[in-house]
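Letter by letter, the chains look like this.
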Amino acid sequence: MFNAEIREVVFIPTWTIPPGLLNRSILPSIKKDPGYLATHNIRVIDASGNFVDPASVNWTSYSTAVPYTLRQDPGPNNSLGTVKFIFPNEHFVFLHDTPHRDLFDYPQRAFSSGCIRIEDPLQLAELLLDDPQNHSRQALQAIVDSRQTQRVHLNPKIPVVIMYMTAALDTNGD
């Protein structure tokens, strides 16, 4: 369980891959398929903020602590979809849209690496922004349709409490 404050809504976001996910999932995928980064529209950025050609990196020399930032550009396959809700926290958890709309058809929800997918992110954005004049559903859809990254800061910030719990049925169905 943790508390945070939603500070902004980002439309057409980039996704900076968190270090834990990079080590657990992305790095092994890069090692198996040198074209993985290009296929997934992910850029490699060094500590100075410069883009690095992924082919110039010896990915097999890293098992953890990759000295680069990996960032997925906005687009139809961006893992965060079209909207993300920023509430800085030590766990790198975000509320966000998803390009995998079909996952909402399943009763289970454990498809993410810790973030929380939102089924109707524009509705949530509209509720959080609470500004029918400037941020109606139609205005928010126009922002998404523009395909340009746009940040909207919340004032006031909205407190959020996240509680992760695991539940399971025993043999009696309890």
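Residues numbered from 1 in each chain as written. Predicted model: local features only at pLDDT ≥ 70, side-chain atom pairs only at ≥ 80, totals over all residues. Heavy atoms only, no water.

**What to know about the packing of aromatic side chains**
This is how the line gets drawn: To pair, rings of Phe, Tyr and Trp, with the six-membered ring standing in for Trp, must have centres within 6.5 Å; the planes then decide the type, stacked if under 30 degrees apart, edge-to-face if over 60, and tilted in the middle. Segments assigned H or I by DSSP are reported as helices when at least four residues long, segments assigned E as strands when at least two residues long, and all are numbered from the N terminus. Burial here depends on accessible area, computed with a 1.4 Å probe over protein chains only, as a share of the maximum for the residue type. Under 20% is buried, over 50% is exposed, and the range in between is partly exposed.
This structure, assessed with the given rule, holds two aromatic pairs. Judged by centre distance (6.4 Å) and plane angle (15°), the rings of Phe-2 and Phe-87 are stacked. Of this pair, Phe-2 sits in strand β1 (residues 2-11) while Phe-87 is found in the loop between β6 (83-86) and β7 (95-96), placing the two residues 85 residues apart along the sequence. A relative accessible area of 11% means that Phe-2 is categorised as buried.

**Some remarks on helix α1 (residues 19-32)**
Our working definition: The span one expects for a helix is its residue count, reduced by one, times 1.5 Å. Here the bend at a residue is taken as the angle between two axes, fitted respectively to the seven residues that end there and the seven that start there. Should any heavy atoms of two residues lie within 4.5 Å, those residues are counted as being in contact.
The end-to-end C-alpha separation of α1 is 19 Å, in line with the 20 Å expected for 14 residues at 1.5 Å each. Its axis deflected by about 40° at Ile-26, α1 carries its strongest bend there, up to four residues before the proline Pro-28. Among the residues of α1, those classed as buried are Leu-21, Leu-22, Ile-26, Leu-27 and Ile-30. Buried residues in α1 make contact with β2 (15-16), α2 (36-39) and β5 (69-72).

**Comments concerning the nonpolar core**
Here is a general trend for soluble globular proteins: nonpolar side chains tend to be buried in one another's company. The cut-off we apply is this: Take the buried Ala, Val, Leu, Ile, Met, Phe, Trp, Tyr and Cys residues and link them wherever side-chain atoms come within 4.5 Å; each set so joined is a nonpolar core.
Counting residues in hydrophobic clusters, the biggest one holds 23 residues, and the most contacted among them are Ile-6, Val-9, Phe-11, Phe-85, Phe-87, Leu-129 and Leu-140. For this core, the elements supplying multiple residues, two or more each, are β1, β6, α3 (121-129), α4 (137-146) and β9 (150-162). With five residues, the top contributor of residues to this core is β1. Apart from the residues lying within four places of it in its own chain, the contact partners of Phe-11 are Thr-82, Val-83, Leu-122, Ala-125, Leu-129, Leu-140, Ile-143, Val-144, Gln-148, Thr-149, Gln-150 and Val-152. Core analysis: the second largest hydrophobic core is formed by 17 residues, Ile-17, Ile-30, Tyr-36 and Leu-80 among them.

**Some remarks on the pattern of salt bridges**
For the record, the criterion: Any Lys or Arg side-chain nitrogen found within 4 Å of a carboxyl oxygen on Asp or Glu counts as a salt bridge.
In the structure shown here, the tally under the stated rule is four salt bridges. Arg-151 is paired through a salt bridge with Glu-8; the nearest N and O atoms lie 2.8 Å apart. You can see Arg-151 sitting in strand β9 and its partner Glu-8 sitting in strand β1, a full 143 residues away along the chain. Under the relative-accessibility criterion, Arg-151 is labelled partly exposed at 48%. Between Asp-120 and Arg-137 there is a salt bridge, and its shortest N-O distance comes to 3.1 Å. With a gap of 17 residues between them, Asp-120 in the loop between β8 (116-117) and α3 and Arg-137 in helix α4 connect regions that are remote in the sequence. One salt-bridge network, held together by shared partners, links Arg-43, Arg-71 and Asp-73.

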